[in-house]
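Here is how the chains run, residue by residue.
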Amino acid sequence: MTTQIVGGRKQLQAEYLRWASRQRVLDAAFRGAATFFGLFVLLLLGGVIFALVDGAWPALSHFGFDFVTSESWNPVTEKFGARAPIYGTVVTSLIAMAIGLPISFGIAIFITELCPGWLRRPIGTAIELLAGIPSIIYGIWGLFVFAPFLQSTLQPFLIATLGEVPLIGGLFAGPPLGIGVFTAGLILSIMVLPFITAVMRDVFMTVPPMLKESAYGLGCTTWEVVWRVVLPYTRVGVVGGVMLGLGRALGETMAVTFVIGNAHRIQNSILAPGTTISAALANEFTEAVGDLYLSSLIALGFILFVITFFVLSFAKLLLLRLERRSGS
Amino acid sequence: MDLYRRRRTRNAVVLTLSFFATALGLFWLCAILWTLLSNGLSAITLDLFTQNTPPPGSKGGLLNAIYGSVLMTAIATAIGTPIGILAGTFLAEYSRGSRIAPVIRFINDILLSAPSIIVGLFVYEVVVLRMGHFSAWAGAMALAIIVVPVVLRTTEDMLRLVPNALREAAAALGTPQWQIVVRICYRAAMQGFVTGVMLAVARVSGETAPLLFTALNNQFWSSNLNAPMANLPVVIFQFAMSPYADWQSLAWGGALLISVVILLLNIAARAATSGKRENQ
C-alpha cells in the first residue's frame, strides 16, 4: 500500500509475485516450527520414558521382579527392593485422599451453594493460592510447626483412643514422634485440597440450573439437591478431580521428605516413620555411590512415573468424557 | 413431621460442616503465612541481599542463592516460553482435523501434573551424566521442561478465545496465515500470554526437586553456568534440615521471600485474566 507506483502494471505484478512467494516460504516455515514444537511435547515424553528405562535397566535386570517385592534397602550389601517406598507412597496418598476428599467436597459445596456471590471469588482464589505455595514451604512448616503440634496433641489422643481398639489398634501404636507417615499424609491432604476443590467447583457449575431448581421446587433441601442431583450429574468429573489430586499426592516430593522420617521399613503403625519413592530419591540420589545403587533409585523413579502416568491418564479421560458431554 | 425435621437437621449439619471445611482450608493458608511471617521477617535484613551463604555458625545472606534462582528461572523461561507458545499455536491454529493434536493435548496435561522430581531424573540422565558434572545449565533445562506445559496450555486457551471474525477479516485482506497468527491473534491474546508466563515463573521459582540432581548447590558465589550453582529452594532445604540456628533463620528468610514473590505473581496473573474476562 505504501509501494510507490513507478513502473507499469507488469512491474507491479512481478513485485506482488515476489512478495507472495516469500510469504509462502515464511508461512511454511512458521507452520513447520509450530508443528515441530507441537510434536516436541510427544518427543519429551518419549525421551523421559527412554531415559528412565535406560537408567533403571541395570537394577531391574539384576533384581528382576524381586525389586518390587523385596523390602530390604541396603547400600552396603547392595540389596535393593522397592516395597517400602512403594508402600509409603501409596499409604500417604490414601491418607491424603481420605482426609482431603471430604474437606474439598465441603469447600466446593460452600462455594457453589452457600456462599454469597461477592465472596465467591475471594474464597476461591484463597483456596487456589494453597496450590501456589511451593512444596518446600509446606515442608519446613510441617517440620517446625505442624509436626510438633501433632506430637503434643493429636497423636497422643489417637494412641490413647484408637490405639486401644482391637483390629485397628496396631495402626495407631507406638510413641508420638511427630514426624512419620501419618503427618506426611496430613500435609499432603492440605496440598491436594486446591486441586480437587477447583475441579469439583468447576463441574458443579456445569449442572443446568433447571435441574437444581426443579429439585428445589419439589421441596428438596440444599443437601438433597447436592447429593441426589448435582453429584450424580457430575460423578465422572468428581472422580476425575479426585484422581488428579491423587496424581499430585503420589509424586509430591519436598513436603514429604521433610516430615516422613526416611526409614526404609514397613511398619504396622501409621504414626511410625517411613519413606516414599520421591522422598527416597530426594534424600539419597546425590549421595548414592555405586552404579547399582544409582540405578535402583532411577528404577524407583520409573515405578513412580508409571503409577502417576496411569492415575493422571485415568483422571484426564474421565474429565474429557465430561467435557464432551457438556459440549454436545 | 418427624421426617421433615430429620431432613432439615441433616441439611443444617451438612451445611455447617461445609462451612467449617472452608474455614479449615482458609485456616491452613493463614497458618502457613503466619509462620512464614513470624519466623522469616526477622531474617529479612540488608545482609540477606548483600552477603553470600555463610558456613555454619556465622552470619551471612542469600545473595548467591537469589542470583542463581533468578538466573536459572530467567533462562528456563527464555527457553520454555517460545517452545510453549509455538506448540500452543500448533494446537490452536494448525491442527484442525489432525489426529495427533488430541494426543499432544492429552500428553501435555499429564506433563503438567507429572511429579517434578521425574523431570530432575530425566535431565540428570540426559545432561548431567553426559557432561560428567552438575551444572546450572542442567538446572535451567529441568525448569524449562516444567515451563513448557504451563505456557502451552495457556497459549492454546487464549488463542481459542480470539474471535474467528478477526482471522477471517485479516484473511479477506489477503494476509498470509503466519501474519494472521503473529500480528492479529498473538496481539489479541497478548495479555493471556503474559499471564501464562507469570504462572510458569511462579511455578518454577519454587521448584526444589528438579534442581536437587541438576544444579545441585554451591556455597560460594558462582556465575559459571557450567558449574553447580546455588539456588534458593535447595539452600532452604539444606539450611532448614541443618541443626544450626543461623542457617535455619536464613532458611526462614528465604522461604518468606520466595513465598511472597510467588503469591504476588499468582495474584497478579489472576487479576490480569479477570480484567480480560469482564471486558468481553
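Refer to the structure above for everything that follows.
Caption draft 1: Region of the structure containing the packing of helix α1 (residues 9-63) of chain A against helix α5 (residues 116-131) of chain B. Relative orientation of the contacting elements α1(A) and α5(B) amounts to 75°, with a least axis distance of 9 Å. On the basis of the axis angle, α1(A) is roughly perpendicular to α5(B). Residues A:L44, A:G47, A:V48, A:A51, A:L52, A:D54 and A:G55 of α1(A) lie in contact with α5(B), whose contacting residues are B:I118, B:L121, B:F122, B:E125 and B:V126. Classifying every residue of the contact of α1(A) with α5(B) by side-chain character gives eight nonpolar, two polar and two charged.

Caption draft 2: Seen up close, empty space enclosed by the protein. Going through the model one piece at a time under the given rule, you end up with four cavities of 30 Å³ or more. By volume, the largest cavity is sized at about 150 Å³. B:L111, B:A114, B:V119, B:I145 and B:I146 are the residues nearest the centre of the largest cavity, which is lined by 15 residues in total. Within the residue set of the lining of the largest cavity, elements represented by two or more residues are α1 of chain A together with α4 (100-113), α5 and α6 (136-161) of chain B. For the lining of the largest cavity, the element with the highest residue contribution is α6(B), accounting for four residues. Tallied by class, the residues present in the lining of the largest cavity amount to 13 nonpolar, one polar and one charged. Here the second largest cavity is characterised by a volume of approximately 90 Å³. Residue lining of the second largest cavity: 14 residues in total, with A:Y87, A:V181, A:R265, A:Q267 and A:G274 positioned closest to the centre. The dominant element in the lining of the second largest cavity, judged by the number of residues it contributes, is helix α3 (residues 83-114) of chain A, at four residues.

Caption draft 3: Local environment of the packing of helix α4 (residues 117-132) of chain A against helix α1 (residues 2-40) of chain B. Two elements in contact, α4(A) and α1(B), have axes separated by 9 Å at closest approach and are oriented at 55°. Compared by their axis directions, α4(A) and α1(B) come out oblique. Viewed along their axes, α4(A) and α1(B) form a crossing whose handedness is left-handed. Facing α4(A), whose interface residues are A:I123, A:A126, A:I127, A:L129 and A:L130, α1(B) presents B:T22, B:G25, B:L26, B:W28 and B:L29. Of the residues that constitute the contact of α4(A) with α1(B), the class distribution is eight nonpolar, two polar and no charged.

Basis of the calculations
Residues numbered from 1 in each chain as written. Chains lettered and ligands numbered in written order. Predicted model: local features only at pLDDT ≥ 70, side-chain atom pairs only at ≥ 80, totals over all residues. Heavy atoms only, no water. Axes fitted to C-alpha atoms, helices over the stretch in contact; angles between N-to-C directions. Helix = DSSP H or I, 4+ residues; strand = E, 2+ residues; numbered from the N terminus. Parallel < 35°, antiparallel > 145°, perpendicular 65-115°, else oblique. Contact = heavy atoms within 4.5 Å. Nonpolar A, V, L, I, M, F, W, Y, C, P; charged D, E, K, R; others polar. 1 Å grid on protein atoms, 1.4 Å probe; cavity = no way out; pocket = protein on both sides within 12 Å on 5 of 7 lines; lining within 4 Å. Points joined across faces, edges and corners; volume = space filled by probe spheres on them. Left-handed = near helix turned anticlockwise from the far one by under 90°.

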